[in-house]
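# Per-entry structural report
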Amino acid sequence: MSQKTAKTSVEPAIWRCAVPSPLRQAFDYLPIEGGHGGAKPGARVTVPFGKRSVTAVILSIASRSSVEPTKLKAATALLDEQPLYTEAQRALLSWAADYYQHPLGEVLPLGLSPRERRGQPERALTETGIRLTARGHGLPDGAPHRARKQATLVSRLRPGPLPLAELKAEGFSPAVIRVLRDKALIENFELATEAAWQTRSPPLPANAEQQAAIDQIVAAAGVFSVHLLYGVTGSGKTEVYLQSVADCLNRGRQALVLLPEIALTPQTLARFEERFEAPVIALHSAMGDAERDRAWAAARRGHAAVILGTRSSVFVPLLEPGLIIVDEEHDAAYVQQDGFRYSARDVAIKRAQLEQCPVVLGSATPSLESWHNAELERFQRHSLTHRAGAGTLPARRQIDISGLELSAGLSPELLAKIEAALNQRHQVLVFLNRRGFANALLCHDCGWSSDCADCDARMTLHKTPPGLHCHHCGRRSALPSQCPRCQSRRLVGTGIGTQQTETFLAERFADYPVLRVDSDTMTGRHSMPDLIEQLASGDPVLMIGTQMLSKGHHFPHVTLVAVVDADALLFSPDFRGEERLLQLLTQVGGRAGRDGTPSEVLIQTRHPDHPLMQHLDKPYHTALPALLNQRSQAGLPPHGALGIIRCDSQDRQEGLGFLSLIRNGVTTPRGARIIGPLSAAMARRKNRYRSQLVVSAKSRSMLAKVVTDLIAAAEAARHSHRLSWSVDIDPYESL
Ligand code: ADP
Ligand code: ZN
Ligand code: ZN
């Protein structure tokens, strides 16, 4: 339509909205019936969209629309007088949609809690309390008699009211509470949650390196700055976080602490809870919606002082943030790998800039990106070079296993070391990054292998419980007793998994407990805390586990760590393969020697001459210049920018054809390259074909331009509904 009609018509205010839809555009609506007074950008509205009614967000109030007024639909409800989004949060979400080239309407909901996304009001910041009624107070001691649970509850409430949630946590059942309420002995009331912000337990006396880091972070308060805290494992990075957070709380500001995992690292959460008298809330996946709604409101209203959370918590609303911390900043868990793809670490840096506060990135094994930024002095680097407290760093050494006879993947030398450590009553950790019993099942006679019907991958053999599992699509099938093709009974497993090593070790070291730690055994919420408790006794234990064990845990009594199969990552086709191996070898080693007993990390490899293996006895960062140099020569991050258009289709040819079409619709400027279409490393997964275009560019702005053009071409291209595509900026994996 033309601008003329809009000009001549009466001009009502237009609500320009982001609607949750994959369309990369804003939609205009007329205000609700009865006026628009006071509607603010950031407010949620209910609008008709196609045949549905959806919760949208007002982006701006426009004076005219390019849509003909008669064709504009009106919003049906204004949900917020005051927007739930903070200014900075809205700026952050818009930036993220822009930077990662994802539809804003799908990004904005990340700033809201579950019920808020559904269009409901923010959860009230009171909680249900229980108190005795006058009648309840009048009861004699020990009453009601013959109802022990009820009597216990009554006496529990005598000193004063308590939150319902607390009573439930103490084990009082809803039935007991209901009975007393029916008898009018107790009643519900609204308990306001009050926040007192104090430090509870005193800080540890910081060592000189810690103090220098704390001083500089504290001195940076109130302005944007990025701090790379490079501290060897066990160097006391957490203490630096805690003391920086304490300063932040003293200034009446909130701290946001991002962790790669919460369920697996209960120790970190406990250390924050023990240190501060202030409300510390943890946002994690095991949390119910109601709890999450309350946490969200508490963060937004400033009742929560410290917010610990995983990746998506980087978008939580904060009233007055004063500090952001990203622990284990190199961890892949910060990268959202499907849907809206983003790096929570990079979003955290942007957030700190918008909120004008410092952000601390901590790691014993910083990413090449962060290291590079520190070298360029965009980030301030603080180094903690030795272990705090009693711990000493373990010695790292390789065992050359080429040509050796192995038992369940373990060399005679390694077995002798394990035996010696156990006999000295030490704890041992054996690291093998492969779940299951064997990688695949093969027929000795005809060569049949346990291929997954839906993926270009083999199904893994599991023994406890027995079956074949595809680790890529989740498909499971029964363990065949004979070859499905030739009926031979000579079926053999190839490639060692944790179950096999566990079985072998349990037989070999029958006098000691052998524990397997992988995602098959660590299923319950209490698995990890239980394990940590068992290890705390200091009794000898032999643990065999996957990378789950490399994450941030403290196993103070472990003196020997063994890496069974380092070669699996050594020749990874992914551009981060070597960086990840180096990080892993440093992190697993970091679990050892935390109580001061001399400790050792033994790494089995068939490639002792590989440059990375040559760095084992040197600090992590000494290997980085060579890796950065390789990246620079290949034009890979952090030198140059990378983006991928991924395509997922039922038909292989349609996917490749679609990508060719959009590639041909775009002219590539000098300094940028489009590579592909290529099939993904595992071309078929869950019976879908995956292909991609890789864009590499000298600068971010050039990358953004090429990707924007590709998106425009993709949106214009026709394709079947069985094809979908997505954009991945700064991909973690290039495959
Ligand atoms: P990191 O996070 O760097 O791996 P931690 O913060 O977990 O290391 O610290 C390792 C151990 O050292 C912890 O048990 C911690 O209590 C202890 N520690 C940290 N700082 C000090 C200090 N200044 N004095 C004594 N012990 C400390
Ligand atoms: Zn066969
Ligand atoms: Zn599969």
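Residues numbered from 1 in each chain as written. Chains lettered and ligands numbered in written order. Predicted model: local features only at pLDDT ≥ 70, side-chain atom pairs only at ≥ 80, totals over all residues. Heavy atoms only, no water.

### Points about the coordination of the zinc ion (ligand 2)
What counts here: Sodium, potassium and calcium take a 3.2 Å donor cutoff, other metals 2.8 Å, and in both cases only N, O and S atoms count; water is not among them, so sites may look incomplete. Every geometry call rests on angle ranges, with four donors termed tetrahedral when all angles are between 85 and 135 degrees, four termed square planar and six termed octahedral when opposite donors are over 155 degrees apart and all others are between 65 and 115, and everything else termed irregular. In this text, helices come from DSSP runs of H or I with a minimum length of four residues, and strands from runs of E with a minimum of two, each type numbered from the N-terminal end. Type-normalised accessible area, obtained with a 1.4 Å probe on protein chains alone, sets the label of each residue: buried when under 20%, exposed when over 50%, and partly exposed for intermediate values.
Ligation of the zinc ion (ligand 2) by protein atoms is provided by Cys443 (SG), Cys446 (SG), Cys483 (SG) and Cys486 (SG), these donors lying 2.2 to 2.4 Å from the ion. With four donor atoms in place around the zinc ion (ligand 2) and angles of 105 to 113° between them, the coordination shape is tetrahedral. Between the donor residues of the zinc ion (ligand 2), the gaps in sequence give the motif C-x2-C-x36-C-x2-C. On the criterion of sequence distance, the pair formed by Cys443 in strand 18 (residues 438-443) and Cys483 in the loop between strand 21 (476-477) and strand 22 (491-496) is long-range, its members being 40 residues apart. Cys483 matches Cys443 in its accessibility class, with the two residues each being buried.

### Some thoughts on the pattern of salt bridges
The cut-off we apply is this: When a carboxyl oxygen of Asp or Glu is within 4 Å of a side-chain nitrogen of Lys or Arg, the pair counts as a salt bridge.
Tallied over the entire structure, the rule returns 38 salt bridges. Arg397 is the partner of Glu600 in a salt bridge, and the nearest nitrogen-oxygen pair spans 3.5 Å. Of the two residues, Glu600 is situated in strand 26 (residues 600-605) and Arg397 in strand 16 (residues 395-400); the sequence distance between them amounts to 203 residues. For Arg646, the salt bridge identified is with Asp728, shortest N-O distance 2.8 Å. Of this pair, Arg646 sits in strand 27 (residues 641-649) while Asp728 sits in strand 30 (residues 723-729), and the two are 82 residues apart along the sequence.

### Quick look at the nonpolar core
The following threshold applies: For the purposes of this section, nonpolar cores are sets of buried Ala, Val, Leu, Ile, Met, Phe, Trp, Tyr and Cys residues that join through side-chain atoms within 4.5 Å. In what follows, residue pairs with any heavy atoms lying within 4.5 Å of each other are defined as contacts.
In terms of nonpolar packing, the biggest core is built from 109 residues, with Ile307, Phe315, Tyr342, Met543, Phe658, Ile662 and Leu710 touching the most fellow members. With seven residues, helix 22 (residues 700-716) is the single largest residue contributor to this core. Excluding its chain neighbours within four sequence positions, the residues that come into contact with Ile307 are Gln254, Ala255, Leu256, Val257, Ile281, Leu283, Ala299, Val316 and Leu318.

### Some thoughts on the domain arrangement of the protein
Our working rule: Segmentation into domains, and thus their bounds, comes from an automatic or database assignment. Defined here as a combined quantity, buried area equals the accessible surface (1.4 Å probe) lost by two parts on assembly, summed across both. Polar contact criterion, stated in full: a pair of N or O atoms within 3.5 Å, where within protein one must be able to donate a hydrogen and the other to accept it, and residues adjacent in sequence count only if both atoms are side-chain atoms. Side-chain classes are defined by residue name, with Ala, Val, Leu, Ile, Met, Phe, Trp, Tyr, Cys and Pro counting as nonpolar, Asp, Glu, Lys and Arg as charged, and the others, Gly among them, as polar.
The domain architecture assigned to the protein consists of domain 1 (3-117), domain 2 (126-192), domain 3 (202-384), domain 4 (395-438 + 495-627) and domain 5 (641-729). With 24 residues of domain 3 at the contact, the number on the domain 4 side is 22 residues. Both faces combined, the contact of domain 3 with domain 4 buries some 1,900 Å², and carbon together with sulfur accounts for 57% of it. Taking the shortest distance from any N to any O, the salt bridge between Arg576 and Glu369 comes out at 3.0 Å. At the junction of domain 3 and domain 4, the tally comes to six residue pairs in polar contact (both at pLDDT 80 or more). Its residues assigned to classes, the side of domain 3 that touches domain 4 shows ten nonpolar, nine polar and five charged.

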